[in-house]
Amino acid sequence: MKIIETNNAEETFALGRQIGQQAKAGEVYTLVGDLGVGKTVFTQGVAAGLGIEEAVNSPTFTIMQVYEEGRVPFYHFDVYRIGDVEEMDEIGYEDYFYGDGVCLIEWANLIEEILPPAHKQIIIEKDLAKGYDYRKITIEEY
Ligand code: ADP
Ligand code: MG
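Residues numbered from 1 in each chain as written. Chains lettered and ligands numbered in written order. Predicted model: local features only at pLDDT ≥ 70, side-chain atom pairs only at ≥ 80, totals over all residues. Heavy atoms only, no water.

A few words on the sheet that holds strand E7 (residues 135–141). Pairing is mixed across the open sheet formed by seven strands, whose spatial order is E1-E7-E6-E2-E5-E4-E3. Every interior strand has two partners, whereas the edge strands, strand E1 (2–6) and strand E3 (64–67), have only one. The mean angle between the axes of side-by-side strands here comes to 15°, regardless of whether they run parallel or antiparallel. Pairing geometry for strand E6 (residues 120–126) and E7, over seven bridges, is antiparallel. Paired with Ile124 across the bridge in E7 is Ile137. (Pairing = 2+ DSSP bridges. Helix = DSSP H or I, 4+ residues; strand = E, 2+ residues; numbered from the N terminus. Axes fitted to C-alpha atoms, helices over the stretch in contact; angles between N-to-C directions.)

Helix H2 (residues 39–49) packs onto helix H1 (residues 9–22) with a crossing angle of 40° between their chain directions and a minimal axis gap of 6 Å. It follows that H1 is oblique to H2 by the angle criterion. For the pair H1 and H2, the sense of crossing is right-handed. In contact with Ala9, Thr12, Phe13, Leu15, Gly16, Arg17, Ile19, Gly20 and Gln21 of H1, H2 contributes Val41, Phe42, Gln44, Gly45, Val46, Ala48 and Gly49. Considered class by class, the residues forming the contact of H1 with H2 number eight nonpolar, seven polar and one charged. (Parallel < 35°, antiparallel > 145°, perpendicular 65-115°, else oblique. Left-handed = near helix turned anticlockwise from the far one by under 90°. Contact = heavy atoms within 4.5 Å. Nonpolar A, V, L, I, M, F, W, Y, C, P; charged D, E, K, R; others polar.)

Shown next, in the form of C-alpha cells:
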C-alpha cells in the first residue's frame, strides 16, 4: 500500500500522469472517493501519461469513453449514474475489463461485484483539517 498526499490539483494530475506513463495494457485502475475529490483530475493525468492529448472529461451521458490515440487504448468509465450493474453488461464491459487497454473506473465501489479480482485501487480522500485542497491518495494493489 502506498499513500501520497497532494495539496493542489496539479499534484494530483502529476501523480496520475506518472501512473499513466507506467501503466500496461490489461491493467484495471479503480477510483473511489466522494464527489469533487479529484477523481477526474487524476484520470486526466493518467490520460496525459498514456499520451492522450484530447480533453478527457467525465462521460456524462455514457458510462464509458474510449480513447485510442495514446500508447495503448484507454477505457474511461464513470459509473456514478449507473442504476443497475446490468447496464455494464449492456455495454459489454468484459471486453474492456479483460481487454488490451488500460481501464480506469471512477466510482468503482458502485460496481464492486463485477470488478476483476486483479486491479489497482486508488482511494482519494479530503481532510479539511489539513486544508481545503489537501488530498490523501491511497494506492493498493489487489
Ligand atoms: P471528482 O471527479 O472526484 O468528482 P473532479 O476531479 O471533477 O472530482 O474535481 C476535483 C476538484 O477539486 C477540481 O475542481 C480541482 O481543481 C479541485 N482540487 C483542489 N485540490 C485538489 C487536489 N489536491 N487534487 C485534486 N483536485 C483538487
Ligand atoms: Mg469525476
